[in-house]
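# Inside the fold
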Amino acid sequence: MIQNIPKHDILYETDFLAWCEKTVTQLKAKDVENLDFEHLIEEIESLGKSERRELRNRLLVLIAHILKRMYVNSSENFNGWEVTIVEQRKQIKVLLKESLSLQPYLAQIFTEVYADALDIVSVDYKQTDFPDTWPFDFGTDLLLSAKYWEHNL
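The text that follows walks through the structure, step by step, so that each part is easy to find. Sequence order as written defines the numbering, with residues in each chain counted from 1. Totals for whole chains, interfaces and linings use all residues, but because this is a predicted model, local features are given only for residues with pLDDT of at least 70 and pairs of side-chain atoms are given and counted only at 80 or more. In computing side-chain properties, one takes all heavy atoms of the structure into account and sets aside hydrogens as well as water.

## Details of helix H4 (residues 75-98)
- Secondary structure elements follow DSSP: runs of H or I no shorter than four residues count as helices, runs of E no shorter than two count as strands, and numbering proceeds from the N terminus. Expected helix span is computed as 1.5 Å times (number of residues minus one). Taking 1.5 Å per residue, 24 residues should reach 34 Å; H4 reaches 35 Å between its end C-alpha atoms and fits that length.
- A 1.4 Å probe rolled over the protein chains alone gives each residue an accessible area, and that area as a share of the maximum for its type sets the label: buried under 20%, exposed over 50%, partly exposed in between. What H4 keeps buried is the set Phe78, Trp81, Ile85, Gln88, Arg89, Ile92, Leu95 and Leu96.
- The contact criterion used is simple: two residues touch if any of their non-hydrogen atoms lie within 4.5 Å. Looking at the buried positions of H4, the neighbouring elements they touch are helix H3 (37-71), helix H5 (102-124) and helix H6 (140-143).

Written as structure tokens, this is what we have:
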């Protein structure tokens, strides 16, 4: 029965690295006839999804830490939260620089990600009253630079 399975399917399933190397070689040689288009398309689609997933995850961590830094009265944690905020901002900036099309996606998912972050911090800090919606003007530049906690609410 294995004889009916195309060779590229077997290689893709058994040795992904070898499949990648072979695909790169075929692409460089413009060997279109022997390319495993089905799996190649699948992998390229997966790359796009992973970029969006990484942006969503980093945004979630960023918002959660901004909320904690702003609303949780725990000065011994302020520095750690700020370090996390700085790191997530840097990584989000890199993602947006490398994939410009993620910029509108960030705006598109912001409200949903804010709600998710709110769920997380509300469980961790039950006694803290967090705002139901983002309390500031939304702008990517502001989100990636402002020290909200230094301003009066």
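## Description of the pattern of salt bridges
- Whenever a carboxyl oxygen of Asp or Glu lies within 4 Å of a side-chain nitrogen of Lys or Arg, that contact is scored as a salt bridge. For the coordinates displayed, the defined rule picks out four salt bridges.
- Here Arg58 and Glu54 are joined by a salt bridge, their closest N and O atoms 3.0 Å apart. Of this pair, Arg58 and Glu54 both sit in helix H3, four residues apart, roughly one helical turn.
- Assessed through its relative accessible area of 30%, Glu54 is described here as partly exposed.
- Where Glu82 meets Arg69, a salt bridge forms, and the shortest distance between an N and an O atom there is 2.7 Å. One end of the pair, Glu82, is in helix H4; the other, Arg69, is in helix H3, with 13 residues separating them in the sequence.
- The buried category is assigned to Arg69, whose relative accessible area is 13%.
- Shared partners join several salt bridges into a network, and the residues in it are Arg56, Glu112 and Asp116.

## Some details on a negative patch on the surface
- What makes a patch is a set of residues exposed beyond 30% relative accessible area and free of salt bridges, joined within 9 Å when like-charged and within 5 Å when nonpolar (Val, Leu, Ile, Met, Phe, Trp, Tyr). Residue-level accessible areas treat just the shown protein chains as cover; the underlying method is Shrake-Rupley with a 1.4 Å probe. Charge assignment in this entry is limited to Lys and Arg as positive and Asp and Glu as negative, and neither His nor the chain termini are counted. For charged residues, the charge sits on one atom: NZ in Lys, CZ in Arg, CG in Asp, CD in Glu. A cluster of like negative charges, contributed by Glu13, Glu38, Glu42 and Glu45, occupies part of the molecular surface.
- The biggest single contributor to the negative patch is H3, with three residues.
- Tracing the backbone through its elements, the reader meets Glu13 in helix H1 (residues 7-14).

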